[in-house]
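Take a look at the letters that make up each chain.
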Amino acid sequence: MKLIVAIIHDDDVNNTLDNLREQGHFVTKLSSTGGFLRTGNTTLLIGVEDEQVEGVLKSFENTCRSRRQLMPVCAPYGTAQGGFIPKPIEVVMGGATVFVLDVEQFKKF
Ligand code: 2BA
């Protein structure tokens, strides 16, 4: 058995969840925040049998797309002189960042 941990863009969540539900998967959805951009994203936990992993990965491929996002850059304190405003940095984010982990035990009580 595997645990799939997937970090996806909030805007892709509904389509991804619909797709996973159609395949009959159990999913836990967590609200998360990216450490770099400090913006919200969504983390999905999906426990599956080994042979189901490919189907789940295919779902992410179909429903999650990459986006360009601007990250504001703050000038270090005391360096913003002469009206200089640093340009935001463009960052390419996603589609989905996915980890597939081995599960040692799975129990429901
Ligand atoms: P964030 O940490 O907010 O990162 C957003 C995007 O910023 C990343 O997109 C990447 O393009 C860029 N980025 C992140 N850290 C960077 C760094 N140290 N230097 C330069 N650019 C950087 P993605 O790679 O698609 O990641 C999207 C989100 O997935 C991340 O949001 C984070 O929440 C998660 N993530 C990505 N890789 C991860 C990892 N190795 N471990 C844990 N979480 C990860």
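Coordinates for the structure precede this section.
Residues numbered from 1 in each chain as written. Predicted model: local features only at pLDDT ≥ 70, side-chain atom pairs only at ≥ 80, totals over all residues. Heavy atoms only, no water.

J.: Give me the site of the ligand: which residues, what numbers.
T.: The environment of the ligand is formed by I7, G34, G35, F36, L37, N41, V91, V92, M93, G94, T97 and F99. One of the backbone nitrogen or oxygen atoms of F36 is found 2.9 Å away from an oxygen atom of the ligand. G94 places a polar main-chain atom, nitrogen or oxygen, 2.6 Å from an oxygen atom of the ligand. Protein burial of the ligand: of its 740 Å² of free accessible surface, 52% is covered by the chains. (Near = heavy atom within 4 Å. Polar contact = N/O pair within 3.5 Å; in protein donor to acceptor, adjacent residues only side chain to side chain. Areas by Shrake-Rupley, 256 points an atom, 1.4 Å probe, with all protein chains shown as cover.)

J.: Before we move on, can you summarise the pattern of salt bridges with the specific residues and values?
T.: Following the criterion strictly, the structure yields 5 salt bridges and no others. Taking the shortest distance from any N to any O, the salt bridge between K2 and D102 comes out at 2.3 Å. Residue K2 is found in strand β1 (residues 2-8), and its partner D102 is found in strand β6 (residues 96-102); the two are separated by 100 residues along the sequence. In this structure, the salt-bridge partner of D12 is R67, at a minimum N-O distance of 2.9 Å. Linking D12 in the loop between β1 and α1 (13-22) with R67 in strand β4 (residues 67-71), this pair joins segments that are 55 residues apart in sequence. Judged by its relative accessible area of 4%, D12 is buried. (Salt bridge = Lys/Arg side-chain N within 4 Å of Asp/Glu carboxyl O. Helix = DSSP H or I, 4+ residues; strand = E, 2+ residues; numbered from the N terminus. Buried < 20%, exposed > 50% of the residue type's maximum accessible area, 1.4 Å probe, protein only.)

J.: Account for the environment of G95, with residues named and values stated.
T.: Position of G95 among the secondary structure elements: in the loop between β5 (89-93) and β6. Each C-alpha atom, one on G95 and one on V56, is 14 Å from the other, the two residues being 39 residues apart in sequence. Excluding its chain neighbours within four sequence positions, the residues that come into contact with G95 are I7, I8, H9, C64, R65 and S66. (Contact = heavy atoms within 4.5 Å.)

J.: Describe helix α2 (residues 53-63), listing the residues and the values that go with them.
T.: Buried within α2 we find V53, V56, S59, F60 and T63. End-on, the buried residues of α2 take up no more than an arc of 120°, which puts them together on one face. Of the exposed residues in α2, those oriented more than 90 degrees away from the buried face are E54, E61 and N62. The inward-facing, buried residues of α2 contact β1, α1, β3 (40-48) and β6. (Arc of directions from axis to C-beta.)

J.: Run through the packing of aromatic side chains, naming residues and quoting values.
T.: Under the criterion given, the structure shown has 0 aromatic pairs. The ring of F26 has K108 sitting right over it, with the charged end atom 4.5 Å from the ring centre. (Phe/Tyr/Trp six-rings, centres within 6.5 Å; stacked < 30°, edge-to-face > 60°. Lys NZ or Arg CZ within 6 Å of the ring centre and 35° of its normal.)

J.: An account of the nonpolar core is needed here, citing residue identities and associated values.
T.: Ranked by internal contacts, the top residues of the largest apolar core, which has 13 residues, are I4, I8, L44, I46, V48, V56 and F60. Residue assignment for this core shows that the elements contributing at least two residues are β1, α1, β3 and α2. Aside from chain neighbours lying at most four places away, what touches L44 is I4, V5, A6, I8, T16, L17, L20, V27, T28, K29 and F60. (Core = buried A, V, L, I, M, F, W, Y, C linked by side-chain atoms within 4.5 Å.)

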